[in-house]
Amino acid sequence: MFNSNELLSKRAQKNAGSFLRQIFPRTREPGVINFAGGLPNPDFFPIEPIIAATERAMRADGRNTLQYGMTEGLPELREWIAVRYEKQGLHIKPEQILITNGSQQGIDLIGRVFLDPGNKMAIEAPGYMSAIQSFAMYEPEFIGVGINEQGIDVEQLKYVLKNNSIKLIETCPSFQNPSGIAYSTSTREAMAKVCSQYNFVVVEDDPYAELRFMGAETKSLRNYLGDQVITLGSFSKIVAPGLRLGWTVASPDVTRRLVLAKQLVDIHTNYFAQRVLYQYLLDNAIDDHINQMRGVYRAQRNAMVDAMAQYFPPETQFTKPEGGMFVWVTLPDEADTMALFNMSMDTEKVAFVPGLPFFADGKSGKNMMRLSYSTANPETIEEGMKRLGRVISRYLDAPSKN
Ligand SMILES: Cc1ncc(COP(=O)(O)O)c(C=O)c1O
């Protein structure tokens, strides 16, 4: 009698699951060089320091470490984050910070608080796949805004805002997932000038901000737009994603709304993990740790873009990121990177993510793909690009025969 499928909400029926998880089994096949994942390099997970921090946190105050806590998060950790922003020239009170279960939860909470079905929201095209899927649960109408080498296409954004009643925009201004592009300072300024004319929320989804390894520093969108922005931060890319610790920065009013929503979702973010992380931050030099990561990611990025320049056919284009973990490749318009993915896996055993799921319209990006250089060493990256260059050349020579 029981048939759960008949009982599902419309929202749940629409949730097809992560595209990445669909291609995941293939990327695990033996001998595969995998550029599909967006995982931080596990060589940098501070295993021994986290063991030591766990012991210290438990011995210092085990009862509270294991007790329920405040929805807003561990006060000391919120203070630590506020002080770090202060050092970057951004004045934020700890009360404006909510500790979330990864920045992914921040995206969901924003959807809960701001979106009704049918509301219009803008999103980068291409944009962060899991933000598209997460916001989709609140049934907005998505409107894509293009990206160029300088960041979001401000002229397009201007047009979209003028002609639509937009409730919020999801942006990833620093080393965007999936393109690796960072908004330049002039793009940030121009964007702020446009956005400040309309009453809507700007989401600055910023987990890669600290991973700049070359080029000029930029400032958070909050510097330009203040409380119109909700910034999402994360410890996933600078410490470890398994901790599931991120945060939101917003006005006190918006923070209160996010806190109310979070209370109903999970009461609070794992207190044990917050106390351990806080202890880790007290006992270790996080800036040295981040600097080491930057050096390694820079070498891996260089290996990837240099090898692309050498081995990819001339009609391919690719981004040259100054930070973060991703390179975005564009093939000629008629190419289909899903077909290329299968061919690449079958013949050369190289995995990447086809471009389609990074576009909210469900049809753009077929000739594009995302590659991550975060977990492979430079030699493996070079070998992978050599193989991928071969398969792209073969595919472009005779796409229909493959
Ligand atoms: C743009 C962007 N936002 C948010 C997240 C979620 O990160 P977390 O929930 O681990 O903080 C990711 C993870 O890859 C991301 O790329």
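Before any of the text, the structure's been laid out above.
Note that the structure is predicted; figures quoted are calculated from it, not measured. (Residues numbered from 1 in each chain as written. Predicted model: local features only at pLDDT ≥ 70, side-chain atom pairs only at ≥ 80, totals over all residues. Heavy atoms only, no water.)

Student: Any details on the overall build of the chain? Residues and values, ideally.
Tutor: Each helix and strand in the chain was counted, giving 15 helices and 14 strands. Summarising its shape, the C-alpha atoms of the chain cover approximately 65 × 60 × 50 Å along the three principal directions. Residue pairs in contact within the chain that sit at least 24 positions apart in sequence constitute 74% of those at least 6 positions apart. If you sum the accessible surface of the chain, you get close to 18,200 Å²; carbon and sulfur atoms cover 50% of it. With 42 positive and 45 negative side-chain charges, the chain shows a separation of 3 Å between the mean positions of the two kinds. (Helix = DSSP H or I, 4+ residues; strand = E, 2+ residues; numbered from the N terminus. Contact = heavy atoms within 4.5 Å. Areas by Shrake-Rupley, 256 points an atom, 1.4 Å probe, with all protein chains shown as cover. Lys, Arg positive; Asp, Glu negative; His and termini not counted. Charge placed at Lys NZ, Arg CZ, Asp CG, Glu CD.)

Student: If you had to explain unusual backbone geometry to someone new, which residues and values would you point to?
Tutor: A cis amide bond links A125 with the next residue in sequence, P126, at an omega value of 5 degrees. Structurally, P126 can be placed in the loop between β3 (120–125) and α7 (129–136). Residue P178 is bonded to the preceding N177 through a cis peptide linkage, with omega at 25 degrees. Within the element layout of this structure, P178 appears in the loop between β6 (166–171) and α9 (185–195). Although it is not a glycine, E139 adopts a positive phi angle of roughly 55 degrees. Mapping E139 onto the fold places it in the loop between α7 and β4 (141–148). Even without being glycine, R244 reaches a positive phi, approximately 55 degrees. Counting through the fold element by element, R244 comes out in the loop between β8 (229–234) and β9 (246–249).

Student: Explain the layout of surface pockets residue by residue, including any values.
Tutor: Put simply, the largest pocket is a space of about 870 Å³. Around the largest pocket, the lining is made up of 34 residues, and of these L20, R21, Q104, Y128 and S130 lie nearest the centre. Among the secondary structure elements, those contributing two or more residues to the lining of the largest pocket are α3 (19–27), α6 (102–114) and α7. Computed from the structure, the second largest pocket encloses a volume of approximately 520 Å³. Of all the secondary structure elements, the ones that give two or more residues to the lining of the second largest pocket are α5 (75–87) and β8. Looking at side-chain class alone, the lining of the second largest pocket contains 11 nonpolar, 8 polar and 8 charged residues. (1 Å grid on protein atoms, 1.4 Å probe; cavity = no way out; pocket = protein on both sides within 12 Å on 5 of 7 lines; lining within 4 Å. Points joined across faces, edges and corners; volume = space filled by probe spheres on them. Nonpolar A, V, L, I, M, F, W, Y, C, P; charged D, E, K, R; others polar.)

Student: Mind laying out α9, listing which residues take part and the relevant values?
Tutor: Taken as a whole, α9 has its buried residues at T187, R188, M191, A192, V194 and C195. Here the buried residues of α9 occupy an arc of 160 degrees about the axis, which is enough to place them on one side. Structurally, α9 contributes buried residues whose contacts are with β5 (151–152), α8 (154–163), β6, β7 (201–205) and α10 (222–225). (Buried < 20%, exposed > 50% of the residue type's maximum accessible area, 1.4 Å probe, protein only. Arc of directions from axis to C-beta.)

Student: Which residues make up the site of the ligand, and what values do they have?
Tutor: Close contacts around the ligand come from 13 residues, with S103, Y208, S234, S236 and R244 the closest. Side-chain polar atom of Y208 to an oxygen atom of the ligand: 2.6 Å apart, as the coordinates give it. Here K237 contributes a side-chain N or O atom positioned 2.9 Å from an oxygen atom of the ligand. Of the pockets mapped on this structure, the ligand occupies the largest pocket. Per-element accounting of the shell around the ligand gives the leading share, 3 residues, to α6. (Near = heavy atom within 4 Å. Polar contact = N/O pair within 3.5 Å; in protein donor to acceptor, adjacent residues only side chain to side chain. Sits in = over half its atoms within 2 Å of the grid points.)

Student: An account of the packing of α5 against helix α12 (residues 271–283) is needed here, citing residue identities and associated values.
Tutor: Two elements in contact, α5 and α12, have axes separated by 9 Å at closest approach and are oriented at 45 degrees. Accordingly, the angle class assigned to the pair α5 and α12 is oblique. For the pair α5 and α12, the crossing hand works out as left-handed. Seen from α5, the contacting residues are P75, E76, L77 and W80; seen from α12, they are Y271, Q274, L277, Y278 and L281. Among the residues making up the contact of α5 with α12, the classes are represented as 7 nonpolar, 1 polar and 1 charged. (Axes fitted to C-alpha atoms, helices over the stretch in contact; angles between N-to-C directions. Parallel < 35°, antiparallel > 145°, perpendicular 65-115°, else oblique. Left-handed = near helix turned anticlockwise from the far one by under 90°.)

Student: Provide a residue-level description of the nonpolar core, including the pertinent values.
Tutor: By size, the foremost hydrophobic cluster in this structure holds 81 residues, and its most contacted members are F235, L371, M385 and L388. If one sorts the elements of this core by residue count, helix α13 (residues 286–311) sits on top with 9 residues. Beyond its immediate stretch of four places on either side in the chain, L388 contacts F312, S344, V350, F352, M369 and L371. Within the second largest apolar cluster, 22 residues are counted, among which are L98, V203, A250 and V259. (Core = buried A, V, L, I, M, F, W, Y, C linked by side-chain atoms within 4.5 Å.)

Student: Mind laying out the side chain of T248, listing which residues take part and the relevant values?
Tutor: Following the sequence through the fold, T248 ends up in strand β9. Apart from residues no more than four positions distant in its own chain, T248 is found in contact with Q96, I97, L98, T100, G106, I230, T231, L232 and L258.

Student: Break down the packing of helix α4 (residues 47–65) against α12 for me, citing the residues and quoting the values.
Tutor: Look at α4 against α12: their axes get within 8 Å of each other, and the N-to-C directions meet at 125 degrees. One way to sum up the angle between α4 and α12 is to call them oblique. Where α4 crosses over α12, the handedness of that crossing is right-handed. Across from P49, I50, A53, T54, R56, A57, M58, D61, N64 and T65 in α4, the residues of α12 making contact are Y271, F272, R275, V276, Q279, Y280 and D283. The residue inventory of the contact of α4 with α12, partitioned by class, reads 9 nonpolar, 4 polar and 4 charged.

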